[in-house]
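Residue-level listing of the chains:
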Amino acid sequence: MDADNHNILLNRPGLITVVLGTSEDSQDAARSAGKVMYPLQGRPDFQLIVVVDLRNSIATWVPSVVLSKMRSNLDNEAIELKPYFLKNGNKGNPRTVSYVIPEFSGTICPQLGWTEGSDELRGILFGVDGRELERWDKIEDMGKFQTDVRAAVQALIDADKAKAAAAAKTQGTKLIQSPAPHPPLLPPAPVPTAE
């Protein structure tokens, strides 16, 4: 259940999905990771989900305040994301696909293999088949993180192009397009530097 009370499937088939696991101590790193994902936002083949681990936090005492702050932050971020959505050919509202999941009770993180709390930013990359492609226990190098995720999206684009080319070859000269054409990858986002 995300901050907007929607049930979210974390490894939705058909999409490359990044799930970031953050805590109060890794919020700045989570913001940096989110920003390097901006050029991928709004693509029909990508989603970013943030799980905020609030177990053993004072936030469990005032969940309504925490949820309100999360929704406000998502509203503000949607404004920043809109240009990327448009560049990716998506005229939709970024806010409707901005997912932050508060983990108050300890039911989500253990399912992701995060049984213990951590001060580090963690992540999981899921492929279009819903299977885990890569796992990071500590995301420090935002450039490498961005490169790894972009490579997964590019692999999906290349695989779909190859399938379409093979189908066109067997169908003769008839051009076969994939059901959901992928927009070209936007240039990578600038990687924040440590101060």
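Residues numbered from 1 in each chain as written. Predicted model: local features only at pLDDT ≥ 70, side-chain atom pairs only at ≥ 80, totals over all residues. Heavy atoms only, no water.

*Asks:* Is there a simple way to explain the pattern of salt bridges in this structure?
*Replies:* Close approach of charged atoms lets side chains of opposite charge pair. Summed over all chains, the structure comprises 11 salt bridges. Close ionic contact of Asp 45 with Arg 43 constitutes a salt bridge, the shortest N to O distance being 2.8 Å. Asp 148 serves as the salt-bridge partner of Lys 144, at 2.9 Å between the closest nitrogen and oxygen. Of this pair, Lys 144 and Asp 148 both sit in helix α3 (residues 142-170), 4 residues apart, which is roughly one turn of the helix. On the basis of relative accessible area, Lys 144 is assigned to the partly exposed category, the value being 46%. (Salt bridge = Lys/Arg side-chain N within 4 Å of Asp/Glu carboxyl O. Helix = DSSP H or I, 4+ residues; strand = E, 2+ residues; numbered from the N terminus. Buried < 20%, exposed > 50% of the residue type's maximum accessible area, 1.4 Å probe, protein only.)

*Asks:* Please explain the sheet that holds strand β4 (residues 122-126) as it appears in this structure.
*Replies:* Note on sheets: strands pair through backbone hydrogen bonds, and any given pair is parallel or antiparallel. With mixed pairing, 5 strands are arranged side by side in an open sheet as β3-β2-β1-β4-β5. Because the sheet does not close on itself, it has two edges, and the strands there are β3 (99-103) and β5 (132-136). Direction aside, the axes of adjacent strands within the sheet are offset by 15° on average. Pairing of strand β1 (residues 16-23) with β4, which is carried by 5 bridges, proceeds in the antiparallel orientation. Looking across to β4, one finds that Leu 20 is bridged to Gly 123. (Pairing = 2+ DSSP bridges. Axes fitted to C-alpha atoms, helices over the stretch in contact; angles between N-to-C directions.)

*Asks:* Would you mind showing me how to read unusual backbone geometry here?
*Replies:* Backbone geometry follows two general trends: most residues other than glycine have a negative phi, and most peptide bonds adopt the trans configuration. One non-glycine residue, Asn 5, lies in positive phi territory at about 65°. The topology assignment puts Asn 5 in the segment before β1. By relative accessible area, which is 56% here, Asn 5 ends up exposed. Positive phi is not limited to glycine here, since Asn 56 has a value of about 60°. Note that Asn 56 resides in the loop between β2 (46-53) and α2 (63-87).

Take it as geometry only, folks, not as evidence of what the structure does.
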